[in-house]
Amino acid sequence: MNLGLRNRREGSEGETTAEDSHHRAPPSSQASGELSSDDEQATTEEFSSPAPARKDAAAVRKDESRLTKILQRAVFAVCMFGIFAGFVYLGHVYISFLVTIIELLLFRELVRVRYNIYFDRVKNKIPLFRTTQWCWFMTAMFYTHSDFFSDLSQSNHELHYLLWYLKYLPTISFILYSFTFVLTITTLQTGHIKFQMNQLCWTVLVILLTVGQLKYIFHNIFNGLIWFVMPCCLVFTNDIMAYVSGMTYGRKFIQRPFIRFSPNKTWEGFIGGWIFTMITAWYLSRYLSQFTWMTCSTNNFRNEVLECEPDAIFIEAQAHFPSQIFEPFPRSVVRMIPNVVEICMVKDATESSPVDEGALTRCVSGEPSHTFHHFELTLKFIPIQIHALWLALFASLVAPFGGFLASAMKRAYGIKDFDSIIPGHGGVMDRMDCQFLLALYTWVHYNTFVKLATVSVPRLTYLYSMLTEQEKKEFLRTVAIDSVRGKLKFFADD
């Protein structure tokens, strides 16, 4: 009996794994004799303890892996933000170069999705498969961004000498399009036409996502860096806080799934991201508006110190709220609103009748001569903060659906990330999927509510030089008539 117990204990103390000891059958009572109660208890603990231990170890490893991933994401997020800040510091030209590189990487990642899946079908069967894709991309890039260089040159007197060459840009774009179109058709193969048509549709979709939506990104940069930096930071904030809110409060208040094909997305994360993005927009826009490097527009490719007269949207203003809006609410509730001031009417110290109607002053608690008259609320703000709230609203409620589209693509093709170029984050598309729509909306918002970016004195001068002599005379006559009408209206208003 002692020999059998000793052998069994030595085996359990050796280098055998817990799983081996768990599956090892205990010796029979006939071979080892009867065990004492202490031995039976020890034997029972020996064979029953590994299962919970394995579960605890697995849970610990899972928590450690999750923590490692979070730390990795945080470290590389800080690195990416540092790179972003460095390019912003370098200036407009370097940011434009960064955006171009990002567009190249985005297109590369998206077209590789189908290429990797259908590689066996493509290899040695369809000629110039990837060449045609990149031809379409380069044609789209040239056509889309050549308009920006033409607009920039027209708005800068120093670059007007380039306009003679830039007028041929549409012709070059059409030649590139025609060449790519013919090349695509000539590479169609019998038996693979349906697949190639599907691939062509995929290529066009990718170009619309990566190039079409970023058509005006360079305009945003040169209209003032704030129109590029602030939208990017709003998306960063929304992504981070939606992740944190979802991880912290996900499905604790709303059990209904947010997006069915992306089960990790939660209502709590969506709402939390929206709240923090709105708060960030209000204070970030006020901070950035202090720097002319952010607010001044430029129309040249030189990195120089930017000095300009600040636009009205970057100058502090005041908004006075009418007292009537507070009348329906109890005074105790209105007093809780920040910056609300109670205005009282002052009564004469000797007579019960009030003094003239202009004797209104700020109420003083405990002053017997003060009688409440109305509430006043004056809010000091910078107009860019209002614009920032609209951008934040779009960044929180609409732009995330670009990320949902990217999630649908990954689920459709059975991939976790578009690439592994950024540890902990995946590919460039995994981080930029929400930026496209917001960049496009920023340009639309700017041209609709801030300033018509396509109008400038140098541009009008260039357009005037393109007129014939008769058209110039007609133009000057029209300007003179409009000028006289404006002066007459001015004196009439006085």
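Per chain, the residues get numbers from 1 upward, laid out in the order the sequence is written. In keeping with the predicted nature of the model, local features appear solely for residues at pLDDT of at least 70, side-chain atom pairs appear and are counted solely at 80 or more, and the whole-chain, interface and lining totals rest on all residues. Working from all heavy atoms in the structure, the side-chain values ignore hydrogens and water.

Draft legend 1. View of the overall build of the protein. Check the secondary structure of the protein and you find 22 helices and four strands. Nonlocal contacts in the protein, meaning residues at least 24 apart in sequence, comprise 76% of its contacts between residues at least 6 apart. Methods summary: accessible areas were calculated by the Shrake-Rupley approach with a probe of 1.4 Å, and residue burial reflects only the protein chains presented. Here the protein has roughly 30,100 Å² of accessible surface; of this, 63% comes from carbon and sulfur atoms. Helical segments are the DSSP runs of H or I of at least four residues, strand segments are the runs of E of at least two, and each set is numbered from the N terminus. The contact criterion used is simple: two residues touch if any of their non-hydrogen atoms lie within 4.5 Å.

Draft legend 2. Structural context of unusual backbone geometry. In this structure, Leu128 is a non-glycine residue whose phi angle is positive, near 55 degrees. Residue position: Leu128 is located in the loop between helix H7 (119–122) and helix H8 (129–154). Each residue is placed in one exposure class: buried if its accessible area under a 1.4 Å probe, protein chains only, is under 20% of its type's maximum, exposed if it is over 50%, and partly exposed if it falls in between. With relative accessibility at 44%, the residue Leu128 sits in the partly exposed group.

Draft legend 3. Quick peek at the confidence of the model for the protein. A residue's pLDDT is the predictor's confidence in that residue, given on a scale from 0 to 100. Model confidence for the protein is summarised by a mean pLDDT of 83, while 82% of its residues fall at 70 or above. In the predicted structure, residues 1–37 sits below a pLDDT of 50 and forms 25 contacts with residues beyond four places in sequence or in another chain.

Draft legend 4. View of the pattern of salt bridges. Here a salt bridge means any side-chain nitrogen of Lys or Arg lying within 4 Å of a carboxyl oxygen belonging to Asp or Glu. Going through the model one piece at a time under the given rule, you end up with ten salt bridges. Here Lys215 and Asp147 are joined by a salt bridge, their closest N and O atoms 3.0 Å apart. With Lys215 in the loop between helix H11 (193–212) and helix H12 (217–222) and Asp147 in helix H8, the pair connects residues that are 68 residues apart, well separated along the chain. Taking the relative accessible area as the measure of exposure, Lys215 reaches 19% and is therefore buried. A relative accessible area of 31% places Asp147 in the partly exposed class. In this structure, Asp417 and Lys416 form a salt bridge, with 3.7 Å as the shortest nitrogen-oxygen distance. For Asp417, a relative accessible area of 29% gives the class partly exposed.

Draft legend 5. The arrangement of the nonpolar core in detail. Residues grouped as a nonpolar core are buried Ala, Val, Leu, Ile, Met, Phe, Trp, Tyr and Cys residues, joined through side-chain atoms within 4.5 Å. Formed by 63 residues in total, the largest nonpolar core has its most connected members in Ile221, Ile226, Trp227, Phe228, Val229, Met230 and Ile384. Among residues more than four places away in sequence, those in contact with Ile384 are Ile226, Trp227, Met230, Ser285, Ser289, Ile313 and Phe314.

Draft legend 6. Structural context of empty space enclosed by the protein. Cavity means a closed set of points on a 1 Å grid over the protein atoms alone, one where a 1.4 Å probe fits but cannot get out, pocket means an open set with protein on both sides within 12 Å along at least 5 of 7 lines, and lining means a residue has an atom within 4 Å of a point. Grid points are joined across faces, edges and corners, and a volume is the space filled by probe spheres set on the points. With the rule as written, the count across this model stands at two cavities of 30 Å³ or more. In this structure, the largest cavity occupies an estimated 160 Å³ of space. What lines the largest cavity is a set of 15 residues, and nearest its centre among them are Phe129, Thr132, Thr184, Gln196 and Gln199. Residue assignment for the lining of the largest cavity shows that the elements contributing at least two residues are H8 and H11. If one sorts the elements of the lining of the largest cavity by residue count, H11 sits on top with five residues. For this scheme, ten residues count as nonpolar: Ala, Val, Leu, Ile, Met, Phe, Trp, Tyr, Cys and Pro. Four count as charged, namely Asp, Glu, Lys and Arg, and the remainder, Gly too, count as polar. Its residues assigned to classes, the lining of the largest cavity shows eight nonpolar, seven polar and no charged. As for the second largest cavity, its lining consists of His92, Val93, Trp293, Thr298, Asn300, Phe301, Arg302, Asn303, Glu304 and Leu306. Here the lining of the second largest cavity is composed, by residue class, of four nonpolar, four polar and two charged.

Draft legend 7. Structural context of H8. Its 26 residues give H8 an end-to-end C-alpha distance of 39 Å, which sits within 8% of 38 Å, the value for a rise of 1.5 Å per residue. The largest bend along H8 reaches roughly 25 degrees and is located at His145. Helix span, as expected, comes to 1.5 Å for every residue beyond the first. The bend reported for a residue corresponds to the angle between axes fitted to the seven residues ending at that residue and the seven starting there.

Draft legend 8. Just H11, in detail. A rise of 1.5 Å per residue sets the reference length of H11, with its 20 residues, at 28 Å; its end C-alpha atoms lie 26 Å apart and thus fit the reference within 8%. Every buried residue of H11 is accounted for by Phe195, Gln196, Gln199, Trp202, Thr203, Val206, Ile207, Leu209, Thr210 and Val211. The arc that holds the buried residues of H11, viewed along the axis, is 165 degrees, so those residues lie on one side. More than 90 degrees from the buried face of H11, the exposed residues found are Lys194, Cys201 and Leu208. Looking at the packing, one finds that the buried side of H11 touches helix H6 (92–117), H7, H8, helix H18 (400–412) and helix H20 (435–450). The arc under discussion is defined with respect to the helix axis, by the directions toward the C-beta atoms.

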